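What follows is each chain in one-letter form.
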Amino acid sequence: MEVLLASKNKNKIAEIKTLLSECVSDINVLSLDDINYNDEIEETGTTFEENAKIKAKVGADLGYICIADDSGLAVDALGGAPGVYSARYSGYHADDETNNTKLLSELQGVPDEKRTARYVCVIACIFPDGKEIIVKDTCEGKILTEYRGNGGFGYDPLFFVDKFGKTFAELSMQEKNTESHRGKAMRRFCQEFFRVLKGE
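Remember, predicted model here, so these are calculated numbers, not experimental data.

Peer 1: Got a sec to walk through the pattern of salt bridges? Specific residues and values, please.
Peer 2: Opposite charge on two side chains permits pairing when their charged atoms draw close. Considering all chains together, one arrives at 17 salt bridges under this definition. Of the charged contacts in the structure, one is a salt bridge between Asp-76 and Arg-118, with a shortest N-O distance of 2.9 Å. A residue pair is termed long-range when its members are at least 10 positions apart, and Asp-76 in the loop between β3 (65-75) and α3 (96-106) and Arg-118 in strand β4 (residues 116-126) qualify at 42 residues. Given a relative accessible area of 38%, Asp-76 falls into the partly exposed group.

Peer 1: Describe a nonpolar patch on the surface, and please don't skip the residues or the numbers.
Peer 2: A grouping of Met-1, Phe-194 and Leu-197 is seen on the molecular surface, where their side chains present a nonpolar patch of about 250 Å² in accessible area. Checked against the element boundaries, Met-1 lands in the segment before β1 (2-5).

Peer 1: Kindly report on helix α1 (residues 10-23), identifying the contributing residues and their values.
Peer 2: Taking 1.5 Å of rise per residue, the 14 residues of α1 would be expected to cover 20 Å, and the 20 Å separating its terminal C-alpha atoms lies within 8% of that figure. By the burial criterion, the buried members of α1 are Lys-12, Ile-13, Glu-15, Ile-16, Leu-19 and Leu-20. What you see down the axis of α1 is that its buried residues fit within an arc of 165°, all on one side. Facing away from the buried side of α1 by more than 90 degrees, the exposed set consists of Lys-10 and Glu-22. Against β1, β2 (28-31), β3, α4 (173-179) and α5 (181-197) lie the buried residues of α1.

Peer 1: Before we move on, could you go through the pairing of β1 and cite the residues and values that matter?
Peer 2: One ladder, built from four bridges, connects β1 with β2; its direction is parallel. By the bridge assignment, Val-3 is partnered in β2 with Val-29. In this fold, β1 hands off to α1, which returns the chain to β2; that crossover is right-handed. Across three bridges, β1 lies against β3 in parallel orientation. By the bridge assignment for β3, Leu-5 is matched with Ile-67.

Peer 1: Could you give an account of the sheet that holds strand β7 (residues 166-167), with specific residues and numbers?
Peer 2: With mixed pairing, seven strands are arranged side by side in an open sheet as β2-β1-β3-β4-β5-β6-β7. The strands lining the two open edges of the sheet, one partner per strand, are β2 and β7. Alignment of β3 against β4, held across ten bridges, turns out to be antiparallel. By the bridge assignment for β4, Leu-73 is matched with Tyr-119. Against the sheet, helix α2 (residues 48-61) touches β1, β3, β4 and β5 (132-143), its axis set at about 160° to β3. On the sheet, α5 packs against β1, β3, β4 and β5 and is oriented at approximately 165° with respect to β5.

Conventions and cut-offs
Residues numbered from 1 in each chain as written. Predicted model: local features only at pLDDT ≥ 70, side-chain atom pairs only at ≥ 80, totals over all residues. Heavy atoms only, no water. Salt bridge = Lys/Arg side-chain N within 4 Å of Asp/Glu carboxyl O. Helix = DSSP H or I, 4+ residues; strand = E, 2+ residues; numbered from the N terminus. Buried < 20%, exposed > 50% of the residue type's maximum accessible area, 1.4 Å probe, protein only. Patch = residues over 30% accessible without salt bridge, like charges linked within 9 Å, V, L, I, M, F, W, Y side chains within 5 Å. Areas by Shrake-Rupley, 256 points an atom, 1.4 Å probe, with all protein chains shown as cover. Expected span 1.5 Å × (residues − 1). Arc of directions from axis to C-beta. Contact = heavy atoms within 4.5 Å. Pairing = 2+ DSSP bridges. Right-handed = clockwise from strand over helix to strand, strands pointing away. Axes fitted to C-alpha atoms, helices over the stretch in contact; angles between N-to-C directions.

And the structure:
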C-alpha cells in the first residue's frame, strides 16, 4: 500500500514513518518531495483540525491516500499560544532557534507552576473517494527556562515531561514515541485506518 504524507519537514516525516511502520505492515510512505510537489500549501485554518484537513486534501485531490498532521505547542500562560502558529511563531522566516527564543522571552518572569503546556497533534487522512479519518491527542508538560538535551526538534529542548523527568530533547526516539502527542495520535489513527480499510 502507498500513502502520501503531506509534509516536507524531514524530522516530522522520519517520526511519522517510524510510527506508521510500527502499526501498518507493507506500507510505502511518500513525502511531497518524493512526488515533486513544490507548491506552498497555505495553512489558513484557525485550528489544528482545519490545517490538517487542508494539507491532506491536497494529496487526496492528486489521487493519493493522504495523511497530514498539524501539531503545535499550547502554553497556558500565553492563552494557548503559539498554537497553530507554532512553526512560525517568531515570524515568516522563523526557525527552531528563533521560536524558542521568543517563547522564553514571552514567559520571562512566569513562575514554574504556571509554565504548564501541552503538545497537540491532529492527524487527518483523506482518501481519493472523500473518506476522512480525523484523530487528536495531546501530551502534557511544562516549559523550562533553559534548553536541555540535543535531540528532537521544535520546542523539544524546553518541553519537560514529568513522567520521564526529562525534556523531549533528552528522550530516545522510542521513549518519545510512547508518550508524545504524535505517537499517541498515530496509534489512534492506525486503529481507525484499519477499520476503514476493512470496510467497517
